[in-house]
There are 2 protein chains.
Amino acid sequence: MDRASLFAAIQKKQSYLCVGLDTDIQKIPSHLLKEKDPVFAFNKAIIDATAEYAVAYKPNLAFYEAMGLAGWESLQKTLDYIPKDIFTIADAKRGDIGNTSGLYARAFFEAMNFDSVTVAPYMGEDSVKPFLAFEGKWVILLGLTSNAGSEDFQSLKMASGLRLYEQVLETSQLWGTPDNMMYVIGATKAQQFGEIRKRIPDHFLLVPGVGAQGGDLRSVSQYGMNPQCGLLVNSSRGIIYASSGADFAQKAGEEARKIQQEMAEYLHLFL
Amino acid sequence: MDRASLFAAIQKKQSYLCVGLDTDIQKIPSHLLKEKDPVFAFNKAIIDATAEYAVAYKPNLAFYEAMGLAGWESLQKTLDYIPKDIFTIADAKRGDIGNTSGLYARAFFEAMNFDSVTVAPYMGEDSVKPFLAFEGKWVILLGLTSNAGSEDFQSLKMASGLRLYEQVLETSQLWGTPDNMMYVIGATKAQQFGEIRKRIPDHFLLVPGVGAQGGDLRSVSQYGMNPQCGLLVNSSRGIIYASSGADFAQKAGEEARKIQQEMAEYLHLFL
C-alpha cells in the first residue's frame, strides 16, 4: 500500500488507528480454547469487530513465535484474513547483516505478504537497506520507543549534540524516503513530537504506547500530525482485551470505535 | 551450559570454534534436495562432520524463518540433533519491550531449549532483562558488529566520550554477569579487542566475521583471549559451504579441523 492510499484510507475512515494483534493464548476468552485454532478464532473475531475503525493491524511476532509452529500458522491465517485495503505491519524488530536481513525481508514481504516490518537500527545501513529493496513495501525503523529502557541508549546525547534517536532519524533519512520508511516514536514523549516533526516532517510515525502504556492521544495528534496525517497510533491490549468474556469482540469494537471518534475530532482540529 | 562447562569443553577439544548453521536451501548440494527435509539433512551431515572440532553451533534464525513453517521444523530437528555437550546459540537478534521480550525468551529457551540467544541493545534494559531471568541460559548482546553499518551508530562518539558500543558494554554490565551474558564483538576490529578486554575482562565474546567476512583469527585470539579463553569464534560459510559437491560434509569437517588446529596453537600461546 502506498502513502497516498494510506492517507485516503485515513480520510475515509476518519481514523489513524492501528490495532495491535498481540494475542496471548493465556489471555483469550476460555470459550475459544475449544476451537481448532483459538488464536486465529480470536483474531478473526477482533478483525471483524474493528476493521471498520482501523487503518492498520500490527501482529507482534513474539506472540506467535512463542507458540512454535502453531503460532506461525495462526499468524498466516490472520494475515490472509485481514481485508486487503488495511495496512499490515509485522512487528518483528529485526535487524541483521545485509544478506541475512534480506532473508527476513523475504520472509515478511514475500512468504507472508506484509506491507511493512519494524526494524532495529543498531546495525546500521546495510542491515536496513535490504528491506527497502522491496517495491511497494515499508520499513518502520525504531526511533524512540515507549519503554523505560529507551532512556538507556536512545535518549543519550552524542558528541554531535544530538540524542542517539535523533541521530538515527538524521542518518536513516538518507536510506529511504517518506514513501518507503516510517519511524516508531513512543507516545509517552508527546512533548518531543514537535521537535521530531521539524526533523522528519513528511514521514509517517507509528506510535505505540497509547492506552495500556499511558500515552496521550490528543497531544500526540496535536504535535505529531502532518498534512497527510502522518500518524498510525497503535492500541493493543486496550482494545483486544477490553473484555475477557463472551462479549470480547463486541467490547473490542466499542473500544476501537471510541478511539476512532476521538481521532475524527483530531483530524478535524489538527489536519 | 554454565561458564565452567564451556571452558572445560574448550580445553578438552582445544577449540573455541562456533559453526554457524546459516543453511540456505539455494546453496546446499543438489543431491540433498530429494531428501524429505533437505535443510535438516544438510545440517545433520555438517554436525556429524564438525562436532569433534566445535564447541558451539549457531543457527541464524533468518535462514529458517525465510522458509516458513518448514524452516521452523528443520530448525527444531537440527537443535534436537546437536550433541548435548555443545553450546547452542539462537542467532535471532531480538529485542522488544519487556513482556514481549519475555515471550521471545520462552520461544528460544523453553519451546526450543537453546542455551543462548543474541539480543539487540537499542531498546535498553527492560528489553534484555527478561532473557536473563532464565536460570542457566545466556544473553549474547550485540556490542560491535562486523558489518559496514557498525560505523553508522555503534562507532559514534557519545557526549560521555565513549563510543556507543562502549556505552552499551558499560551500561549492560549492570544487567547481567559473566555467567549469563556474552557480547557479540566483530572480528574486523581486532585492534579494538585490547580496549574491549579492559572494559569487560571476564565476559565471553562471540566473534563473527572470521572467514568469509575477513577477520584475522590470530589477532582476535591474541588480544581477545582471557584466562578462561573467553572467545567463541564463529565461521559459517567458510565451513558449511567449503564444497558444493557430494563431499560437502567431508570438506566442512576438514575446514573445521583446520581452524581447530590453529585454535589449539593459540590456546597454547595466549591462554
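Residues numbered from 1 in each chain as written. Chains lettered and ligands numbered in written order. Predicted model: local features only at pLDDT ≥ 70, side-chain atom pairs only at ≥ 80, totals over all residues. Heavy atoms only, no water.

Here we take up the sheet that holds strand β5 (residues 138-144) of chain B. Adjacent strands of a sheet pair through backbone hydrogen bonds, lying either parallel or antiparallel. Residue and element names in this part refer to chain B. If you walk around this closed barrel you meet the eight strands as β1-β2-β3-β4-β5-β6-β7-β8, and the pairing is parallel. Taking the axes of each pair of neighbouring strands and ignoring which way they run, one obtains an average angle of 30 degrees across the sheet. Pairing between strand β7 (residues 204-207) and strand β8 (residues 231-235): three bridges, direction parallel. Bridge assignment links L205 to a residue of β8, and that residue is L231. Set on the sheet, helix α1 (residues 3-13) makes contact with β3 (87-94), β5, β6 (181-185), β7 and β8; between it and β7 the angle comes to about 55 degrees. Strands in contact with helix α5 (residues 98-111) are β3, β4 (116-119) and β5; relative to β3, the strand with the most contacts, it is inclined by about 155 degrees. (Pairing = 2+ DSSP bridges. Helix = DSSP H or I, 4+ residues; strand = E, 2+ residues; numbered from the N terminus. Axes fitted to C-alpha atoms, helices over the stretch in contact; angles between N-to-C directions. Contact = heavy atoms within 4.5 Å.)

With that settled, the discussion passes to the side chain of A:S243. All names here are of chain A. Residue position: S243 is located in the loop between α10 (237-240) and α11 (248-270). Given a relative accessible area of 13%, S243 falls into the buried group. Within the structure, the side chain of S243 is placed 2.4 Å from the side chain of D247, a separation counted as a polar contact. With residues up to four places along the chain from it excluded, the contact list for S243 reads F248 and K251. (Buried < 20%, exposed > 50% of the residue type's maximum accessible area, 1.4 Å probe, protein only. Polar contact = N/O pair within 3.5 Å; in protein donor to acceptor, adjacent residues only side chain to side chain.)

This part takes up the environment of A:S236. Note that A:S236 resides in the loop between β8 (231-235) and α10. Put simply, A:S236 and A:L21 are 215 residues apart on the chain and 6.3 Å apart in space, counted from C-alpha to C-alpha.

To continue, consider the interface of chain A and chain B. Of the residues lining the interface, 52 residues belong to chain A; the matching set on chain B comes to 52 residues. Summed over both partners, the interface of chain A with chain B buries about 4600 Å², with 63% contributed by carbon and sulfur atoms. Linking chain A with chain B are four salt bridges, by the criterion used here. Elements with a minimum of two residues in the side of chain A that touches chain B: α3 (61-65), α4 (69-81), β3 (87-94), α5 (98-111), α6 (125-132), β5 (138-144) and α7 (164-172) of chain A. Take the side of chain A that touches chain B: its biggest share by element is seven residues, from α5(A). (Buried area = accessible area lost by both parts, 1.4 Å probe. Salt bridge = Lys/Arg side-chain N within 4 Å of Asp/Glu carboxyl O.)

Expressed as a screw transformation, the operator carrying chain A onto chain B has a rotation angle of 180 degrees and an axial translation of 0.0 Å, and the superposed copies differ by an RMSD of 0.0 Å. The transformation just described matches what one would write down for a two-fold rotation axis. Looking at chain A, 100% of its interface residues are interface residues in chain B too, so the copies touch through the same face. (Least-squares fit on C-alpha atoms with pLDDT ≥ 70 in both.)

One pass over the structure, following the stated rule, counts 24 salt bridges over all chains. With its nearest N and O atoms 2.8 Å apart, the salt bridge here joins A:K93 to B:D96. With one member in each of two chains, A:K93 in strand β3 and B:D96 in the loop between β3 and α5 form a pair that bridges those chains. Its relative accessible area of 1% is what places B:D96 among the buried residues. Here B:R94 makes a salt bridge to B:E65, at a shortest N to O gap of 2.9 Å. Residue B:R94 is located in strand β3, and its partner B:E65 is located in helix α3 (residues 61-65); the two are separated by 29 residues in the primary sequence. Each member of the pair, B:R94 together with B:E65, is buried. Taken together, the shared-partner salt bridges in this structure form one network comprising A:K58, A:D91, A:K93 and B:D96.

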